[in-house]
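# Working through the structure, step by step
Listed here are the chains, written in short residue letters.
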Amino acid sequence: MKRTRNVKIVATLGPASSTYETIRALHEAGADVFRLNMSHGSHAEIAEKHQIIRQVEKDLDSTIAILADLQGPKLRVGVFANGAEELVEGAKFRLDLDPAEGDVNRVCLPHKEIFQALENGAHLLVNDGKIRLRVEKCGVDFADCVVVTGGTISNRKGVNVPDVILPLAALSEKDRADLEFVCELGVDWLALSFVQRAKDVYEARQLADGRAAVLSKIEKPSAVENFGEILDASDGIMVARGDLGVELPVAAVPPIQKRLIRKCRAAAKPVIVATQMLESMIESPMPTRAEVSDVATAIYEGTDAIMLSAESAAGQYPIEAVQTMDRVATEVEQDPTYREIIAASRSSKGDTIADGIVSAAREIAEKTDIKAICCFTQSGTTALLTARERPGVPIIAMTHKQSTARRLALSWGCNCVLTPKVDRFKGAVVAAARAARAGGFAIETDQVVVTAGVPFNVSGTTNILRIAPCDERLIYNTDPE
């Protein structure tokens, strides 16, 4: 399905968006990627949504990516005898491993790994940071704290530990079972929660074994500190601003977002900006001006994708939320300032032949009357390098591998086309011309840039750039076999 924008939209599915009719409407409204949140729903329910997405893909003849978001380890306090207690600033409060019901003085924190890592002076954040505790004294099974910021603490509220790297694996037993299930199901991307270091990513990659690409969610200070090695280990990144904004000062999040987006683009790896982008649209058909500005800022910064969470999963206006994102993205990308910002932030990183070819393709396309860049890609790398350039003309990513096409549906500007295997250069040029015409990107009198590699169907061999006519008669008359 041809889009009038380059940035991609990720829509989370849930109770408000579980039927064929709604999922199809979401895709037609602009959703390019569907997120399945493994924190909610049984395997049977996840499988049903997966099947519906693939049916929509088939019915509309439109490539769709599916992202399975693994829950990760959830750190929560235990339960209280009264259900809840009010913690007052300056009061003493203990966390321990005792399973007895809590009161105003203590509660169970059933995670021994936290106590193993805590140090005096560390902070614990409860209920999305609404309550802040400072550790005064700690041992292997307790932490005596002082209440820095008070509030109501109740049963099973979440706990964040921003100051230390916890000796917790990013994958719980539930995550391992979910990972195997969705990989067998056939999802395209896996999102890892609670990533703290590169080894968390390598573990997931080993379990996925190539069946899905691995995307790391950056939601902890330690992930920001170790971002370089995490990016190297990952196929993509999600800037998960929810927990990141809890564990770090909120004022620190915008510059972190900008830095991470630029680093991802330089590495030619897709990046999603997520969390609370159109939060008010859970209950309102119209977003706030601040939310629209937030979405626009992420697009100006060069993100590959923007994401809806509860807005499309449980909100009252899921389709309207997608339409709003689509309109904002289209408007931003038509702004001349957008092209100026994108060009100014372009990285010159890379010294391979493929880097040179995609850079030349972008420059030729922008300086002449070229209608599209058609790149043949086996693994997706050439398309990702082309997307890194953020060209001013459409990218047509051509591959015979459906898995590659679906994964590329998350990447900026990639219009994915499945094509039969080609083993001769002339056949590749003809296929590119046909794809450009069929997709409405060009007409017979236009020209396109074609990038490919010889030998064909081998990853990492991009070594040809051709300016090709869209008139097949001219191709057959001029191109070598």
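A quick note: this is a predicted structure, and the numbers were derived from the prediction, not measured. (Residues numbered from 1 in each chain as written. Predicted model: local features only at pLDDT ≥ 70, side-chain atom pairs only at ≥ 80, totals over all residues. Heavy atoms only, no water.)

## Quick word on the overall build of the protein chain
Along the protein chain, the regular secondary structure elements total 18 helices and 21 strands. In terms of overall dimensions, the protein chain is globule-like: its C-alpha atoms have a radius of gyration of 24 Å, near the 23 Å expected for 481 residues. Projected onto the principal axes, the alpha-carbon positions of the protein chain cover approximately 85 × 45 × 45 Å. Expressed as a percentage of the 481 residues in the protein chain, the buried residues total 56%. Long-range contacts, defined here as pairs at least 24 residues apart, represent 67% of the contacts in the protein chain between residues at least 6 apart. The distance from the centre of the 56 positive side-chain charges to the centre of the 65 negative ones in the protein chain is 4 Å. (Helix = DSSP H or I, 4+ residues; strand = E, 2+ residues; numbered from the N terminus. Rg over C-alpha atoms; globule rule 2.2 N^0.38 Å. Buried < 20%, exposed > 50% of the residue type's maximum accessible area, 1.4 Å probe, protein only. Contact = heavy atoms within 4.5 Å. Lys, Arg positive; Asp, Glu negative; His and termini not counted. Charge placed at Lys NZ, Arg CZ, Asp CG, Glu CD.)

## Section: the packing of helix α10 (residues 289–300) against helix α12 (residues 318–333)
In contact at an axis separation of 10 Å, α10 and α12 are set at 50° when each is read in the N-to-C sense. One way to sum up the angle between α10 and α12 is to call them oblique. Handedness of the crossing formed by α10 with α12: right-handed. Contact with α10, carried on its side by V292, V295, A296, I299 and Y300, involves M325, V328, A329, V332 and E333 of α12 and no other residues of that element. The residue inventory of the contact of α10 with α12, partitioned by class, reads nine nonpolar, no polar and one charged. (Axes fitted to C-alpha atoms, helices over the stretch in contact; angles between N-to-C directions. Parallel < 35°, antiparallel > 145°, perpendicular 65-115°, else oblique. Left-handed = near helix turned anticlockwise from the far one by under 90°. Nonpolar A, V, L, I, M, F, W, Y, C, P; charged D, E, K, R; others polar.)

## Quick word on the sheet that holds strand β9 (residues 142–149)
With mixed pairing, six strands are arranged side by side in an open sheet as β6-β5-β9-β8-β7-β11. Edge positions in the open sheet fall to β6 (106–108) and β11 (159–160), since each of these has one partner strand only. Pairing geometry for strand β5 (residues 92–96) and β9, over five bridges, is antiparallel. Residue pairing in the sheet places R94 in a bridge with D144 of β9. (Pairing = 2+ DSSP bridges.)

## Considerations on the packing of aromatic side chains
One pass over the full model with this rule turns up one aromatic pair. Over the face of the ring belonging to F441 we find K2, whose NZ or CZ atom lies 4.9 Å from the ring centre. (Phe/Tyr/Trp six-rings, centres within 6.5 Å; stacked < 30°, edge-to-face > 60°. Lys NZ or Arg CZ within 6 Å of the ring centre and 35° of its normal.)

## Notes on the pattern of salt bridges
Going through the model one piece at a time under the given rule, you end up with 33 salt bridges. Across the pair R54 and E57 runs a salt bridge whose closest N-O atoms are separated by 3.5 Å. With R54 and E57 both in helix α2 (residues 43–60) and three residues apart, this pair spans about one turn of that helix. Judged by relative accessible area, E57 falls into the buried class, the value being 9%. Overlapping salt bridges, with partners in common, bring together R339, R346, R362, E366 and E389 in one network. (Salt bridge = Lys/Arg side-chain N within 4 Å of Asp/Glu carboxyl O.)

## So, the environment of A233
Note on placement: A233 falls in helix α7 (residues 227–233). Through-space distance from the C-alpha of A233 to that of L215 is 9.4 Å; in sequence the pair is 18 residues apart. Setting aside anything within four residues of it in sequence, one finds A233 in contact with A198, V201, Y202 and R205.

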